[in-house]
Amino acid sequence: MTATARTHASPSGDESPPTFAPGAHVAVRLPLPLTDAYDYRVPPGLTLAVGDFVHVPLGPRKITGVIWGKGGGGVPENRMKNVAARLDVPPMTVEAMAFVDWVADYTVTPPGAVLRMALSVPEALEPAKALTAYRAADPLPEIKITAARERVLAAAAEGPPRQAADLARAAGVTPGVINGLAKLGALTACDLPVFAPPEPPDLSRPGPVLSGDQAAAADALSAAVSDGFSVQVLEGVPGSGKTEVYLQAVADTIRQGRQVLVLLPEIALSAQWLERFRARFGSEPALWHSEVTQAQRRETWRHMAAGRVDVVVGARSALFLPFPDLGLIIVDEEHDSSFKQEEGVVYNARDMAVVRAHLGAFPIVLVSATPSLETQANVDRGRYAHLHLPGRHGGAELPDVDLVDMTKAPPQRGQWLSPPLRQAITETLERGEQALLFLNRRGYAPLTLCRACGHRLQCPQCTAWLVEHRLLQRLQCHHCGYQMAPPPKCPECGAEDSLVPCGPGVERLAEEVAALYPEARVAMATSDNLYNQRTAREFVHRIENREVDLIVGTQIVAKGYHFPMLTLVGVIDADLGLSGGDLRAAERTYQLLYQVAGRAGRAEHPGRVVIQTYMPEHPVMAAIAAGDREAFLAAEAKGREDAHMPPYGRLVGLIVSGTDEAAVDAGARALGRAAPQGNGIQVLGPAPAPLAMIRGRHRRRLLLKAGRGTQVQPIVRDWIRRAAIPKKVRVQIDVDPYS
Ligand code: ADP
Ligand code: ZN
């Protein structure tokens, strides 16, 4: 990924886009996986401009598209169809259109598929009409209550009235259940209230008095805000005040009348971030993530397009929202791998955000305690500016890190806490402080095994084991969502009482902790119980109010939280992410451990971190224990450079998939035979993908390696064109793959 965007159209905001009179032919880009735009004729009485949203006929359907430019010709006049209507919404900006084209070109995806992300809320383009919402009837009529109905009524009792689809999603039922309850009078229909735009931020409120380092960084960002495109890397240990610093640049941008986009990973859990924002600006920003209801999306989209929104905080798809005049992007936790979208259009939102900033000629801030190696390399090459906050705000110490060698100090059989970690927990509890035990595994046990025959319970549709969730009394596949009740006997040999859980998940760890510390109040923190903003907010408040002594959590707690009384972090299985031969395994493990460690001792109480590992000699563990990030980075960078791996080389992954295994193999072999050669290009594979089957689709993988300066997209396009790939087989292209 390079910062210098290669763009076809270099937009400049002042020129008004070309218009087309009746009879003219226009190219209309449709939100379908199509490479080309389709030609239509401008009907009498209508003048259209580039960027206008229109309805056009497509076969028997009417579909929404965007005027992309002049018609390409080639369609005879008598077969040319008229544009049906122009939609009454502000047009797409030239920048947004250039961005769609750029992303499509870079990711080797049809531009229509990228446009679809920008038109993710088709309702927003239609004239507003009243929508029906439902709330629980009061009093409830006498009806038969099933588990599904009970979930719906519980969900309906919570918060404002919601549309049937949203209610169904919240309760995990089909819309039919909602309709049934409405017919029985258990749900009452009403008009959905209109969502007001968010309150504008109050820019007159004073921010905190910044320390010398913070003020220097904030001033640099303020200067950047009025100075066109630049990439600013804001690096600082957790708690050093990065958020406070960039909020100042947010305020500066709003003052200029432009909009700000803040991209955060795992947005649903940013409850604390939102409270920080409210504390600073007295209002909440617009939110854009998977939890936002369809009706809210529609309103937010319209408010945004009309310029009524100053700040949007969102997950990666927020990049494609209709900002009239975007002036700043912040990517917080820029190293986080959840910015990579792995399905549909495969893209890294951080990298595409840099492109968006370049196209719009405004600055972007990449924020992290542990910038990715890619970002670091761009700093080293002088492409990105680097701002550093060396210390924690208020001078709190970085925690001491101790490694526990699990081969020398093993836990008791069937347990997971080593004696040194238990000792540390006991001391922490005795001081009345809080501890976090970190294990990046949901559920009770990652594997269930038959003691009699050795059979392992596997997902029928994926190459994956079923994970026991004891609280739910289910076995679940974490890849496709398949689930089943725990079988009473082994499905293979029929032996009874022979199935045993193997290995720990957080539920099992919580069980051990509860037995060892019966007095302690234990709280779990996983995506299973912190699944939305409300649950996350409640969790945060319980910790802050000291209603919890021990937290047992997955990576969901590793990010961004600030708990003053949390002084011990115990990492149960630090080696978990290191297996699997992933290019970024070491880097990611380092980042995760560093972040988890950063949760300890963030206020006046000093913190301590105990890391359990079977590989205390591993460079990642040694660097974490010594607090020597520089050394780790240098070693990791050297390893990648020697192997010509990113960021010192380019990779493109091709995943060939389909339900017919023979066809998939044939397709993969065809690609193997057609592999490009020369120019330092190397193709590895085909080989079974790391997960050889997901959701019943077989997967094979090829990997193209090229030098850093190579433009890989034309090579890949040509490669796919030359290979004879069976029809029912899909080839997914992953430029700069992560896994
Ligand atoms: P980071 O984003 O680097 O983790 P934060 O911006 O969240 O750091 O700051 C950590 C804590 O310190 C927050 O509670 C924040 O409000 C506080 N803080 C940071 N800088 C200052 C300051 N200059 N004055 C007062 N409080 C500050
Ligand atoms: Zn599965």
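Keep in mind the model is a prediction, meaning the values are calculated, not measured.

### Comments concerning the pairing of strand β32 (residues 697–707)
Within β32, nine of the 11 residues are buried, which leaves the element mostly enclosed by the surrounding structure. Across seven bridges, the pairing between strand β31 (residues 682–694) and β32 is antiparallel. Its bridge partner lying in β32, V683 is registered against L704. Two successive antiparallel strands, β31 and β32, enclose a turn made up of two residues, where R695 displays a positive phi of approximately 50°.

### Here we look at the packing of aromatic side chains
As enumerated under the stated definition, the model contains nine aromatic pairs in all. Pairing Y590 with Y594 gives two aromatic rings, centres 6.0 Å apart and planes at 25°, and the pair type is stacked. Placement of both Y590 and Y594 in helix α15 (residues 585–597) is noted, with a separation of four residues, approximately one turn of the helix. Each residue in the set F99, F320 and Y347 is aromatic and connected to the rest through ring pairs, giving one cluster. The ring of Y738 carries the charged tip of R584 above its face, separated from the ring centre by 4.0 Å.

### Some points on the site of ligand 1
In the neighbourhood of ligand 1, 16 residues make up the surrounding shell, with V209, G239, K242, T243 and R276 lying closest. The contact in question runs from a nitrogen atom of ligand 1 to an N or O atom on the side chain of Q214, over 2.8 Å. Between G241 and ligand 1, the recorded distance is 2.9 Å, taken from a backbone N or O atom to an oxygen atom. Relative to its unbound accessible area of 550 Å², ligand 1 is 78% covered by the protein chains. Among the elements that take part in the shell around ligand 1, helix α7 (residues 242–255) stands out by supplying three residues, more than any other. A class-by-class count of the residues in the shell around ligand 1 yields five nonpolar, seven polar and four charged.

### Re the packing of helix α8 (residues 271–281) against helix α14 (residues 533–544)
Running from N to C, α8 and α14 point in directions that differ by 80°, and their axes come no closer than 9 Å. Classed by the angle they form, the pair α8 and α14 counts as roughly perpendicular. Residue-level contacts link A271, Q272, L274, E275 and R278 of α8 to Q533, A536, R537, V540, H541 and E544 of α14. The residue inventory of the contact of α8 with α14, partitioned by class, reads four nonpolar, three polar and four charged.

### A word on the state of the cysteines
The tally for this structure, following the rule as stated, stands at zero disulfides. The thiol of C490 is not disulfide-bonded; the next cysteine sulfur, from C450, is found 3.6 Å away. Overall, the relative accessible area of 3% leaves C490 in the buried class. With no disulfide of its own, C502 lies closest to C450 among cysteine sulfurs, the gap being 11 Å.

### Overview of the sheet that holds strand β13 (residues 311–314)
Strand order across the open sheet formed by seven strands is β12-β13-β11-β14-β17-β10-β18, with parallel pairing between neighbours. What marks the edges here is a single partner per strand, and that holds for β12 (286–288) and β18 (385–389). On average, each strand axis in the sheet is tilted by 20° relative to the strand beside it, whichever way the strands run. By the bridge criterion, six bridges tie strand β10 (residues 230–236) to strand β17 (residues 363–368) in an arrangement that is parallel. Note on β17: the bridge partner recorded for E235 is S368. Running over the sheet, helix α6 (residues 212–225) touches β10, β17 and β18 and is turned about 155° from β18.

The rules behind these values
- Residues numbered from 1 in each chain as written.
- Chains lettered and ligands numbered in written order.
- Predicted model: local features only at pLDDT ≥ 70, side-chain atom pairs only at ≥ 80, totals over all residues.
- Heavy atoms only, no water.
- Buried < 20%, exposed > 50% of the residue type's maximum accessible area, 1.4 Å probe, protein only.
- Helix = DSSP H or I, 4+ residues; strand = E, 2+ residues; numbered from the N terminus.
- Pairing = 2+ DSSP bridges.
- Phe/Tyr/Trp six-rings, centres within 6.5 Å; stacked < 30°, edge-to-face > 60°.
- Lys NZ or Arg CZ within 6 Å of the ring centre and 35° of its normal.
- Near = heavy atom within 4 Å.
- Polar contact = N/O pair within 3.5 Å; in protein donor to acceptor, adjacent residues only side chain to side chain.
- Areas by Shrake-Rupley, 256 points an atom, 1.4 Å probe, with all protein chains shown as cover.
- Nonpolar A, V, L, I, M, F, W, Y, C, P; charged D, E, K, R; others polar.
- Axes fitted to C-alpha atoms, helices over the stretch in contact; angles between N-to-C directions.
- Parallel < 35°, antiparallel > 145°, perpendicular 65-115°, else oblique.
- Contact = heavy atoms within 4.5 Å.
- Disulfide = S-S within 2.5 Å.

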